[in-house]
Amino acid sequence: MEKLKLNDMTKYRSLSGIKYAPDGKNIGFILHEMDEKNNTYLSNIYIYNLEKDKSFQLTSGNKETNFVFKDEKTLLFSTIRDQKDQARKDRGEKLTCYYEIAIDGGEANKVFEVLLDVSGIELVDEDTFIIKALYDLNAPKLEDLADEKDYEVLDEIPFWQNGKGYSNKKRNRLYTFNKTTNTIKPITDEYTNVENFKINDDQSMVLIIGNKFKDKMELGSNLYKYNINENLLEDLSMKAPFNYSFADFLQDEIVFAGSDMLEFGMNKNALIYKMDKAGEVMTLSDLNLDYNLRNSVGSDTRYGSYNSIKVEGKYLYYMTTEYDSSYINRIDGTGNYERVTKEKGAVDGFDVFDGNIVFIGLRDNKLQELYKLENDKESQITTFNQWVLETKTLSKPEKLSFETDGGIIIEGWVMKPVDFDENKKYPGILNIHGGPKTVYGAVYFHEMQYWTNEGYAVFFCNPRGSDGRGNAFSDIRGKFGDIDYKDIMKFTDLVLAKYPFIDENKLGVTGGSYGGFMTNWIIGQTDRFKAAASQRSISNWISKFNTTDIGYYFVEDQQAATPWNDMQKLWDQSPLKFADKVKTPTLFIHSEEDYRCWMAEGLQMYTALKYHGVESRFCLFRGENHELSRSGKPKHRIRRLKEITEWFDKYLK
């Protein structure tokens, strides 16, 4: 066994986009690999044949990130393979090209193109498709692009989005497209942003979730039903503000998930509802099943998109995050519920055929692999990343729980250095997750495994504010830096008491997003940490409100204040207020295109520390956004982890 190296991450393979073929005999999925030399990702379609129990690579264009099954033997996917088409895209022409390929082999053939930037497509019939594509109300004509490239006009909020850039007056719009006549007809209007859509089994109806706004996007969304044959769009939305997260047809009724956002705000867990033919709505999910309907178990080894909810037969299959793991569940039209997967870990995406399930999972200390669930028996069916487990030294997280205020149990973990010697002392790193409504679990995390291979003990927990424990546990509105800080400090005290080999004089702290906020907060409250690495952080709730893509609604909701009704509260909860108390050497990691936690947040804290004579360093990554540590360019991900590790080495070793 050899030690895990920093750039071993470039050899990991990530899986996404898993789908059953219409006959259930094959599974399609996307396999992603890093190309460190060219600083990019290579994505190709793979097929897993269930009858032969083996997988094989279907495409080799390295740019295939999504697909749909046209039939049992044929895939339809979007890519650019022709140099002339690429030249058109480079000139600014809106263009999406679609290719077909047989899963039994052969060349991919271009079958049609759509003069839009398409992000989603579903078949209606041989010639007709429902597509979701970007629409820009203020788009200049192609011949005017050169003149307009130096200007950006803003007249609404949000005016930019993390990972998408400036989004002013841009919407995801739904269309019908006929490939024979090459006609495109809009279904939704120019101000509605379509979040997702589902077609019923006989391809006559479409359910659409969208948010219509001008000037200011409000929280919440609408539910629509579109009759394809009659070209009729009907609004099925709740009368009161409601946020829809999913909708589909369940037999002859409609099933949807969503939240009224009352009592617990925008982070309130969604419930599952049913709408009958008469439009009457009833709650399907038990109010006591108070879990988030998604996977929020953190890891830095994923890439791509995942399906987390699907109707199949008489059931709605969906995910929940419960404590430190995520699971697949199902519920029928009468509200009968059962958990389908039983093993701990994370389910990253799944599909269902005739009651059988295939999913992408993180199990034990393994990276992503494909698993199948048949007759309640779970089995691993791929070994893309098995080499890590078989050739690298890894540390197994050890669970450590404690009781906090009100008798609430907080769960955490400690990872020993891989070369652990009970007679030695080791430096320790406290890692804090983002969100705050996400969770840590005992799944593979590259950065933490790497640090244990570099001689560090690593510890982490799920304080109040985290996911997986219900609405009341995750609700820390107006209490950021209060009860969560107490939990994290109590956990740190317990770790040092239970693991005396960790040197209390050589502790580091790091985290990103909410974890970056907490890192900024901690160094202003205590000097117990001898080094800190604050990543994609928040330092000032007032500037966060006015500059970031979610700031104006997230801050009001989560901090229970705005700059005009309680400026003092926002300032009192801002780490920047306490920057003059900081003594901890701090590294700041930020991305230039992070519009979720804009670089002004890191720069303010960095400037304040420099002003007060604190050792600090700011590393800015151009061309990256909030997802740097998870899907940033390979060389940038390596440099980020190198910066953090060397900073800790400097002050803790």
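Here's a quick rundown of the structure. Remember, predicted model here, so these are calculated numbers, not experimental data.

1. Some thoughts on the overall build of the protein
Of regular secondary structure, the protein possesses 13 helices and 40 strands. Relative to the compact-globule value of 26 Å for 653 residues, the protein shows a C-alpha radius of gyration of 25 Å, a close match. Overall, the protein is about 70 × 60 × 55 Å in size when its C-alpha atoms are taken along their principal axes. Buried positions account for 57% of the 653 residues belonging to the protein. A total of about 27,500 Å² of accessible surface is found on the protein, and carbon and sulfur atoms cover 45% of it.

2. Observations concerning the sheet that holds strand E24 (residues 309–312)
Pairing is antiparallel in the open sheet, where four strands are placed in the order E24-E25-E26-E27. In this open sheet, the two edge strands, each paired with only one partner strand, are E24 and strand E27 (337–339). This sheet shows a mean twist of 30° between the axes of neighbouring strands, independent of strand direction. For E24 and strand E25 (residues 315–322), the ladder comprises four bridges, and the chain directions are antiparallel. Within the sheet, the bridge partner assigned to lysine 310 lies in E25 and is tyrosine 317.

3. Focus on the pattern of salt bridges
A full pass over the atoms with the stated rule returns 50 salt bridges. A salt bridge links glutamate 113 to lysine 110, with the shortest nitrogen-to-oxygen separation between them at 2.9 Å. Among the ionic pairs, lysine 274 bridges to glutamate 253, the shortest N-O distance being 3.6 Å. Linking lysine 274 in strand E22 (residues 271–275) with glutamate 253 in strand E21 (residues 253–259), this pair joins segments that are 21 residues apart in sequence. Here lysine 274 falls in the buried class, since its relative accessible area comes to 13%. For glutamate 253, a relative accessible area of 22% gives the class partly exposed. Through salt bridges with shared partners, a single network forms among Asp85, Arg88, Glu93, Lys110 and Glu113.

4. As for the packing of helix H4 (residues 446–453) against helix H13 (residues 634–652)
The geometry of H4 relative to H13 is characterised by a closest axis approach of 12 Å and an angle of 40° between their N-to-C directions. Accordingly, the angle class assigned to the pair H4 and H13 is oblique. Note that H4 runs across H13; the crossing there is right-handed. Taken together, the residues of H13 that come into contact with H4 (itself represented by His446, Glu447, Tyr450 and Trp451) are Arg640, Leu641, Ile644 and Thr645.

5. A few points about the nonpolar core
Counting 58 residues, the largest nonpolar core has Met518 and Ile522 as the members making the most contacts within it. Considering every element that reaches this core, the biggest residue donor is helix H6 (residues 483–498), with eight residues. Here methionine 518 is in contact with Ile432, Gly481, Asp484, Tyr485 and Ile488, once residues within four sequence places are set aside.

6. Comments concerning the pairing of strand E14 (residues 170–178)
For E14, a buried count of eight out of nine residues is recorded, marking the element as mostly surrounded by other parts of the structure. Both strand E11 (residues 128–136) and E14 contribute to a ladder of nine bridges, which runs antiparallel. Following the sheet pairing, threonine 128 is matched in E14 by asparagine 178.

7. A word on the packing of aromatic side chains
Considering all chains together, one arrives at 47 aromatic pairs under this definition. Note on phenylalanine 480 and tyrosine 514: the rings are 5.8 Å apart at their centroids and 85° apart in plane angle, and the pair reads as edge-to-face. Taken together, the residues span a long stretch of sequence, with phenylalanine 480 in the loop between helix H5 (471–474) and H6 and tyrosine 514 in helix H7 (residues 514–523) at a distance of 34 residues. Just as phenylalanine 480 is buried, tyrosine 514 falls in that class too. Consider the rings of tyrosine 499 and phenylalanine 501, whose centres lie 5.8 Å apart with planes at 90°: the pair is edge-to-face. Like phenylalanine 501, tyrosine 499 is buried. In textbook terms, an aromatic cluster arises when at least three aromatic residues are bridged by ring pairs, as seen for Phe480, Tyr514, Phe517, Trp521, Trp541 and Phe578. In this arrangement the basic side chain of lysine 19 is found over the ring face of phenylalanine 67, its NZ or CZ atom lying 4.4 Å from the centre. Residue placement shows arginine 469 over the ring face of phenylalanine 473; its charged tip is 4.3 Å from the ring centre.

8. Details of the packing of H6 against H7
Between H6 and H7, the shortest axis-to-axis distance is 11 Å and the interhelical angle comes to 80°. Classified by the interaxial angle, the pair formed by H6 and H7 is roughly perpendicular. Residues Asp484, Tyr485, Ile488 and Met489 of H6 form the contact with H7, whose participating residues are Tyr514, Met518, Trp521 and Ile522. When grouped by side-chain class, the residues that make up the contact of H6 with H7 number seven nonpolar, no polar and one charged.

9. Regarding the side chain of asparagine 471
Counting through the fold element by element, asparagine 471 comes out in helix H5. Exposure remark for asparagine 471: the relative accessible area of 8% places this residue in the buried category. With residues near it in sequence (within four places) discarded, asparagine 471 still touches Phe264, Asn267, Lys268, Asn269, Asp290 and Lys437.

Analysis parameters
- Residues numbered from 1 in each chain as written.
- Predicted model: local features only at pLDDT ≥ 70, side-chain atom pairs only at ≥ 80, totals over all residues.
- Heavy atoms only, no water.
- Helix = DSSP H or I, 4+ residues; strand = E, 2+ residues; numbered from the N terminus.
- Rg over C-alpha atoms; globule rule 2.2 N^0.38 Å.
- Buried < 20%, exposed > 50% of the residue type's maximum accessible area, 1.4 Å probe, protein only.
- Areas by Shrake-Rupley, 256 points an atom, 1.4 Å probe, with all protein chains shown as cover.
- Pairing = 2+ DSSP bridges.
- Axes fitted to C-alpha atoms, helices over the stretch in contact; angles between N-to-C directions.
- Salt bridge = Lys/Arg side-chain N within 4 Å of Asp/Glu carboxyl O.
- Parallel < 35°, antiparallel > 145°, perpendicular 65-115°, else oblique.
- Left-handed = near helix turned anticlockwise from the far one by under 90°.
- Contact = heavy atoms within 4.5 Å.
- Core = buried A, V, L, I, M, F, W, Y, C linked by side-chain atoms within 4.5 Å.
- Phe/Tyr/Trp six-rings, centres within 6.5 Å; stacked < 30°, edge-to-face > 60°.
- Lys NZ or Arg CZ within 6 Å of the ring centre and 35° of its normal.
- Nonpolar A, V, L, I, M, F, W, Y, C, P; charged D, E, K, R; others polar.

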